[in-house]
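# Close look at the chain arrangement
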Amino acid sequence: TLQSPEQVRLSQMPHKKVDDLLRQWEARVAHQAEEFQILADEVKQTDLANIRAVKELMALNESQNALEARQKTMDDTLEIMAQQQKTMLEQLQGVSNYLGQKMKGAPQPHINTQSRAMQMQTRLNMMEQQIGELETEASRLVSESLPDPIAGIAEILKLHQDALASLDQEATDLDRLVQRLEANFGVRQ
């Protein structure tokens, strides 16, 4: 049995509708797949940027920890130097008292002035060496280009460097005073 052209046309209509529906569905799926790929690429780029940022933060954290350790070392060294200065001041006061008693003709306790002067000279030399090392380290830290969070630490180190320069000047003045006292009282080294 052959179908009439009209029957063929009627039977083709549902096929056309199904074909149109499938094409529309395929176009929608393709469009959604494109949108998904675009969003997936954006998420991937964001993840990569986050990973880079975390790595940079970790590097900055390591730098900050290293600088904090250096600063603690410098603070400890300054504390040691302050204690040495205190000891030297006490020794100088003892020498001054001795010299004052000697000048007044009072009885003199037995003090080895030459030995004390040599000890003070040795301590002054050690202090000068430590100050030089700290100044060098502080200058190096300040001269490096540092990220903004670390710049504050560098400024603190610069202040420490200035304090060390002041201590160096005081040590030099103290050394001159000891030499002058030795020369005035005929102490030989």
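Calculation rules
- Residues numbered from 1 in each chain as written.
- Predicted model: local features only at pLDDT ≥ 70, side-chain atom pairs only at ≥ 80, totals over all residues.
- Heavy atoms only, no water.
- Helix = DSSP H or I, 4+ residues; strand = E, 2+ residues; numbered from the N terminus.
- Buried < 20%, exposed > 50% of the residue type's maximum accessible area, 1.4 Å probe, protein only.
- Contact = heavy atoms within 4.5 Å.
- Areas by Shrake-Rupley, 256 points an atom, 1.4 Å probe, with all protein chains shown as cover.
- Salt bridge = Lys/Arg side-chain N within 4 Å of Asp/Glu carboxyl O.
- Core = buried A, V, L, I, M, F, W, Y, C linked by side-chain atoms within 4.5 Å.
- pLDDT = per-residue confidence, 0-100.

So, about the overall build of the chain. Scanning the chain from N- to C-terminus turns up three helices and zero strands. The secondary structure elements of the chain, listed N-terminal to C-terminal, are α-α-α. For the chain, buried positions account for 19% of its 189 residues. Across the chain, the fraction of contacts at a sequence separation of at least 24, relative to all contacts at a separation of at least 6, is 79%. As displayed, the chain has an accessible area near 14,000 Å², and 55% of this comes from carbon and sulfur atoms.

With that settled, consider the side chain of Gln84. If you trace the backbone, Gln84 turns up in helix α1 (residues 5–104). Given the relative accessible area of 14%, Gln84 is considered buried. The contact partners of Gln84, leaving out residues within four places of it in the chain, are Met126, Met127 and Gln130.

This model, assessed by the stated rule, comprises two salt bridges. Here Asp20 ties to Arg23 by a salt bridge, and the two come within 2.8 Å at their closest N and O atoms. Of the two residues, Asp20 and Arg23 are both situated in helix α1; the distance of three residues between them amounts to about one turn of the helix. For Asp76, the salt bridge identified is with Lys72, shortest N-O distance 3.3 Å. Residue Asp76 and its partner Lys72 are both found in helix α1; the two are separated by four residues, about one turn of the helix. Judged by relative accessible area, Asp76 falls into the partly exposed class, the value being 36%.

Before going further, it helps to examine the nonpolar core. Membership of the largest hydrophobic core is limited to eight residues, which are Met88, Leu92, Met120, Leu124, Met127, Ala171, Leu174 and Val178. Elements supplying a minimum of two residues to this core: α1, α2 (113–143) and α3 (148–185). Every residue in contact with Leu124, bar those within four places of it in the chain, is listed here: Met88, Ala171, Leu174 and Asp175. In this structure, Met74, Leu78, Met81 and Ile131 belong to the second largest nonpolar core, which totals seven residues.

As a further point, take the environment of Phe185. Within the secondary structure, Phe185 is located in helix α3. Sequence separation between Phe185 and Leu99 is 86 residues, and the spatial gap between their C-alpha atoms is 8.4 Å.

Overall, the prediction assigns the chain a mean pLDDT of 76, with 72% of residues at 70 or greater. α1 holds the highest mean pLDDT among the elements of the chain, 83, whereas α2 holds the lowest, 71. The model gives residues 106–110 a pLDDT under 50, and that stretch makes six contacts with residues more than four places away or in other chains.

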